[in-house]
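Survey of secondary and tertiary structure
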Amino acid sequence: MTIKICVLPGDGIGPEIMEQALRVLDAVRGDGFDFVAEKALIGGCAVDATGTPYPEATSRLAKEADAILLGAVGGPQWDSLPREQRPERGLLAIRKELNLFANLRPAILYPELANASTLKPEVVSGLDILIVRELTGDIYFGQPRGIREENGERVGFNTMVYSESEIRRIGKVAFEAARKRGKKLCSVDKMNVLESTQLWRDVMIELSADYPDVELSHMLVDNAAMQLVRAPKQFDVMVTGNMFGDILSDEASMLTGSIGMLPSASLDANNKGLYEPSHGSAPDIAGKGVANPLATILSAAMMLRYTFNLDAQATRIETAVKKVLAAGYRTGDIYEAGTRRVGTKEMGDAVIASL
Ligand code: IPM
Ligand code: MG
C-alpha cells in the first residue's frame, strides 16, 4: 500500500522534529507499506508566505491526502496579528474543514521517565490514560461570538453548544476505545451549571446501553481536574468536550513530566486523521537542534495504526522508542543526571538504529 501523506511542518521546532519523523517512516518502508510525502504550509510560516494561516493550496493537499502529519504552529512574532491571521486559526480551520472531530490524546508514563513527573513516582508509575476530546464543536466554534458595545462598554461573548449527534459520535469513539483498553470510560461535564453538558451526560448514558461491557462513570470537570493530580491511575479513557478537553489534556500530559513524548490523533468519521505531537512550537529552542522529536515520531506510529491499520510497523516504531529510552538517550527536556544527552538528529538516528 502506498499512502499519501500531507506533511505540515509548521513553525518553531516543527520542521526539525518533522524531519526526524519522516526519516523514521522512511526506515520502516517495505513489508507492504510505502508512502509519498508532500509538504505544505500552515500557521505562522503560511501567514508570512501567503497572508493566511491555512492557504488554499494546503487545504487542497490535505483533502487529497490519506493522512496529515503536523509539526507545530505559532510563535511570538505572530501573536499581535488580527485573530483571523493567527497561526492557531490554521489549526482550527483544518480541524473544522476536514471534520476531525475525534481527538485522541494518550498520556503514558514511560517507566524510564518516572522522575520527570512533578508528582510522586508511586502516584504516576504505570499511568496510561487516553483522553478523547471532541474537537470541532463546543464554545470553540459556537455562534454567536464576538465583542460588541453595550451600554457604553465592551461585552465579549461566546456560545457553548452541542447537538445530540455531535455528542453521540464522539461518545461512540470513546466507548470503542475503552472497549479495546481497560473497559472504563469517564465522561467529564459540568452538568450542575451548564445545560449543553447536561445533554452531554444524557446522551452518554443513552449510548452506554450499546456498550454493556464498558463501565461508564461521570465526573464534573472541576473534580476531574483535581482527581487527575490526586489519583490519576483511577482513569482509563476520559471523554469530554472541546474546551474541557483542551485543559484536561494539558494537565494529563504533564503528569508524565514529558509533554515532548506525547503524540495525538484527530480523526474524522472514516479514520482519516491529522497526527501531531501534543506539545507546541517551542520558539525558544527552535533551530537549535535540541528539540525532542519523539512525540512526532510516535505520532507517525499512531498514524500507521489508526488510519492505515499497519499495527506491525506502528509497534516497531514504538518499541524502538522504548529501547532508545531504556538505553539512556535523552533530549534536554527529559534529561537527568546519568543519562546521555542528545540532540534532535541524534535522537532520530538512535530510533532508526533500534528499529
Ligand atoms: C491544542 C491547542 C489548540 C487548542 C490551540 C493552539 C488552538 O491548545 O491543540 O490543544 O486550543 O485546541
Ligand atoms: Mg491545548
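Predicted model only: the values in this text are computed from it and were never measured.

1. Structural notes on the pairing of strand S7 (residues 153–157)
Bridge analysis of strand S6 (residues 146–150) against S7 gives 5 bridges, and the strand direction is antiparallel. Within S7, the position partnered with Glu150 by the bridge is Glu153. Taken together, S6 and the strand that follows it, S7, pair antiparallel across an intervening segment of 2 residues, in which Asn151 is found at a positive phi of about 50°.

2. Side note on the layout of surface pockets
The space that makes up the largest pocket amounts to roughly 910 Å³. Taken together, 32 residues line the largest pocket, and the ones lying closest to its centre are Leu104, Leu130, Met302, Arg305 and Tyr306. Secondary structure elements with two or more residues in the lining of the largest pocket: strand S4 (102–108), strand S5 (128–134), helix H6 (164–179), strand S11 (263–267), helix H10 (294–306) and helix H11 (311–326). Of the residues belonging to the lining of the largest pocket, the class tally is 17 nonpolar, 4 polar and 11 charged. Summarising the domain contributions, the lining of the largest pocket has at least three residues from each of domain 1 (1–101 + 268–355) and domain 2 (102–263). Within this model, the second largest pocket holds a volume of roughly 440 Å³. Of all the elements in the fold, those that place two or more residues in the lining of the second largest pocket are strand S3 (67–72), helix H4 (87–97), helix H9 (242–255) and strand S12 (273–277). Among the elements that line the lining of the second largest pocket, the one with the most residues is H4, at 4 residues. Classifying every residue of the lining of the second largest pocket by side-chain character gives 8 nonpolar, 5 polar and 7 charged. Taken domain by domain, the lining of the second largest pocket gets at least three of its residues from each of domain 1 (1–101 + 268–355) and domain 2 (102–263).

3. Observations regarding the packing of H10 against H11
Two numbers describe how H10 lies on H11: the axes approach to 7 Å, and their chain directions differ by 160°. Our classification of the angle between H10 and H11 gives roughly antiparallel. Two packed elements cross with a definite hand, and for H10 against H11 that hand is left-handed. Side by side, H10 and H11 meet where Leu294, Ile297, Leu298, Ala301, Leu304 and Arg305 of the first sit next to Asp311, Gln313, Ala314, Thr315, Ile317, Glu318, Val321 and Leu325 of the second. By residue class, the composition of the contact of H10 with H11 is 9 nonpolar, 2 polar and 3 charged.

4. Here we look at the site of ligand 1
Around ligand 1 lies a shell formed by Glu88, Arg95, Arg105, Arg133, Tyr140 and Asp246. Separating an oxygen atom of ligand 1 from a side-chain N or O atom of Arg105 is a distance of 2.8 Å. A distance of 2.9 Å separates an oxygen atom of ligand 1 from a polar atom in the side chain of Asp246. The protein chains hide 73% of the 320 Å² of surface that ligand 1 would expose on its own. Here ligand 1 occupies the second largest pocket. Residue composition of the shell around ligand 1, by class: 1 nonpolar, no polar and 5 charged.

5. Thoughts on the nonpolar core
In this structure, Leu25, Met261 and Leu304 are the most contacted members of the largest nonpolar core, which totals 61 residues. Taken together, domain 1 (1–101 + 268–355) and domain 2 (102–263) each give at least three residues to this core, which thus spans both. Not counting residues up to four positions away in its chain, the partners in contact with Met261 are Tyr110, Leu113, Asn292, Leu294, Ala295, Leu298, Val321, Leu325 and Ile334. Residues Ala114, Val188, Ala224 and Ala252 belong to the second largest nonpolar core, which totals 20 residues.

6. Remarks on the pattern of salt bridges
The full count for this structure, using the stated rule, is 20 salt bridges. Arg201 is the partner of Asp189 in a salt bridge, and the nearest nitrogen-oxygen pair spans 2.7 Å. Of this pair, Asp189 sits in strand S8 (residues 184–189) while Arg201 sits in helix H7 (residues 195–208), and the two are 12 residues apart along the sequence. Comparing Asp189 with Arg201, the two get one shared label, buried. The shortest N-O distance in the salt bridge between Asp222 and Lys190 comes to 3.3 Å. Placement of Asp222 in helix H8 (residues 221–230) and of Lys190 in the loop between S8 and H7 is noted, with a sequence separation of 32 residues between them.

7. Brief notes about the domain arrangement of the chain
How big an interface is tends to be reported as the loss of accessible area on association of its parts. Examined at the domain level, the chain breaks down into domain 1 (1–101 + 268–355) and domain 2 (102–263). Taking the mean C-alpha position of each, domain 1 and domain 2 sit 23 Å from one another. Opposite the 26 residues of domain 1 that make contact, domain 2 presents 25 residues. Roughly 2,300 Å² is buried in total at the junction of domain 1 and domain 2, and carbon and sulfur atoms are behind 63% of that figure. The largest per-residue losses of area from domain 1 upon contact with domain 2 belong to Arg95, Phe101 and Ser278, which jointly make up 31% of the total buried on that side. The interface formed by domain 1 and domain 2 contains 8 residue pairs in polar contact (both at pLDDT 80 or more). At 6 residues, the largest contribution of residues to the side of domain 1 that touches domain 2 is made by H10.

About the cut-offs
- Residues numbered from 1 in each chain as written.
- Chains lettered and ligands numbered in written order.
- Predicted model: local features only at pLDDT ≥ 70, side-chain atom pairs only at ≥ 80, totals over all residues.
- Heavy atoms only, no water.
- Pairing = 2+ DSSP bridges.
- Helix = DSSP H or I, 4+ residues; strand = E, 2+ residues; numbered from the N terminus.
- 1 Å grid on protein atoms, 1.4 Å probe; cavity = no way out; pocket = protein on both sides within 12 Å on 5 of 7 lines; lining within 4 Å.
- Points joined across faces, edges and corners; volume = space filled by probe spheres on them.
- Nonpolar A, V, L, I, M, F, W, Y, C, P; charged D, E, K, R; others polar.
- Domains from an automatic or database assignment.
- Axes fitted to C-alpha atoms, helices over the stretch in contact; angles between N-to-C directions.
- Parallel < 35°, antiparallel > 145°, perpendicular 65-115°, else oblique.
- Left-handed = near helix turned anticlockwise from the far one by under 90°.
- Contact = heavy atoms within 4.5 Å.
- Near = heavy atom within 4 Å.
- Polar contact = N/O pair within 3.5 Å; in protein donor to acceptor, adjacent residues only side chain to side chain.
- Areas by Shrake-Rupley, 256 points an atom, 1.4 Å probe, with all protein chains shown as cover.
- Sits in = over half its atoms within 2 Å of the grid points.
- Core = buried A, V, L, I, M, F, W, Y, C linked by side-chain atoms within 4.5 Å.
- Buried < 20%, exposed > 50% of the residue type's maximum accessible area, 1.4 Å probe, protein only.
- Salt bridge = Lys/Arg side-chain N within 4 Å of Asp/Glu carboxyl O.
- Buried area = accessible area lost by both parts, 1.4 Å probe.

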